[in-house]
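Analysis of the macromolecular model
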Amino acid sequence: MTDLIFATNNQHKLREVREILGQSFNIVGLRGMNIFEEIPETQDTIEGNAIQKARFIYEKTGMSCFADDTGLEIEALDGRPGVYSARYAGEGCSFADNVRKILLEMEGMTNRKAAFRCIFCLIIDGREFLFEGKVNGEITLSSSGGEGFGYDPVFLPDGYRQTFAEMPPYLKNGISHRGRAAEKMKQFINSEVAR
Ligand code: ITT
């Protein structure tokens, strides 16, 4: 069993990653470590924030850990909300506030192309490794579905007729940005670390 701390305060991400990595990994979230403080996320790239979050927790605990930073990049909005996806509608905003804001900004736009991009930063014995996962899709005209979190109700992955929020979790995890990044990290750990 591989023990890893997941440097996240987002319980949805924690649930997804546990499901993707499976039984041979023991993934402990920050609550499980009794860490309740906000981790600084002050970089202006997704990579930079993933590294910053993972380093913060590694320095605090000295234990193997990883972080996930994710952004929704919308072509017609010049890549926004991107690295600012979490607080796009302002400090303390809800997922619904963010969704409302992008739907409003995109009103009347015909180019609805978007992608979720996710970077995992893994730190083991002080060594850092990055893994990327990306999924292309479109922003729908309105929200639908009650699964998932964040922008899932308005993200329609290419090749599917359901938004991420309309899919059962296993289906989203099988094709999502996070699923792809986590799968790469899993292969790396199984082949390079856990031999
Ligand atoms: P941590 O930093 O504690 O991990 P966070 O929610 O702040 O949690 P991010 O900085 O990566 O995470 O923020 C990305 C935001 O993008 C997140 O708050 C959601 O609104 C959205 N997001 C991330 N992953 C998503 C997914 O799989 N589906 C839909 N929206 C997602």
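None of these values were measured; they are calculated from a predicted model. (Residues numbered from 1 in each chain as written. Predicted model: local features only at pLDDT ≥ 70, side-chain atom pairs only at ≥ 80, totals over all residues. Heavy atoms only, no water.)

1. Side note on the nonpolar core
In this structure, Leu-4, Ile-27, Phe-66, Phe-120, Leu-122 and Met-185 are the most contacted members of the largest nonpolar core, which totals 20 residues. For this core, the elements supplying multiple residues, two or more each, are strand S1 (2-6), helix H1 (11-21), strand S2 (25-28), strand S5 (113-124), strand S6 (127-139) and helix H5 (177-193). The element contributing the most residues to this core is H5, with 5 residues. Here Leu-4 is in contact with Phe-25, Asn-26, Ile-27, Val-28, Ser-64, Cys-65, Phe-66, Leu-122, Met-185 and Ile-189, once residues within four sequence places are set aside. Of all hydrophobic cores here, the second largest spans 18 residues; its members include Leu-77, Met-106, Tyr-151 and Val-154. (Core = buried A, V, L, I, M, F, W, Y, C linked by side-chain atoms within 4.5 Å. Buried < 20%, exposed > 50% of the residue type's maximum accessible area, 1.4 Å probe, protein only. Helix = DSSP H or I, 4+ residues; strand = E, 2+ residues; numbered from the N terminus. Contact = heavy atoms within 4.5 Å.)

2. Thoughts on the environment of Pro-157
Structurally, Pro-157 can be placed in strand S7 (residues 155-157). Under the relative-accessibility criterion, Pro-157 is labelled buried at 2%. Distance from Pro-157 to Ile-139, taken between C-alpha atoms, is 8.9 Å for residues 18 residues apart in sequence. Among residues more than four places away in sequence, those in contact with Pro-157 are Val-135, Asn-136, Gly-137, Gln-162, Thr-163, Phe-164, Met-167 and Ile-175.

3. A look at the site of the ligand
As a structural note, the neighbourhood of the ligand is formed by 20 residues, with Thr-8, Glu-41, Lys-53, Asp-152 and Lys-172 the closest of them. A distance of 2.7 Å is found between an oxygen atom of the ligand and a side-chain nitrogen or oxygen belonging to Lys-53. Coverage of the ligand by the protein amounts to 93% of the 600 Å² it exposes when considered alone. Mapped onto the shell around the ligand, the elements with two or more residues apiece are strand S3 (65-74) and H5. When residues of the shell around the ligand are assigned to their parent elements, the largest contribution, 3 residues, is made by S3. Grouping the constituent residues of the shell around the ligand by class yields 5 nonpolar, 7 polar and 8 charged. (Near = heavy atom within 4 Å. Polar contact = N/O pair within 3.5 Å; in protein donor to acceptor, adjacent residues only side chain to side chain. Areas by Shrake-Rupley, 256 points an atom, 1.4 Å probe, with all protein chains shown as cover. Nonpolar A, V, L, I, M, F, W, Y, C, P; charged D, E, K, R; others polar.)

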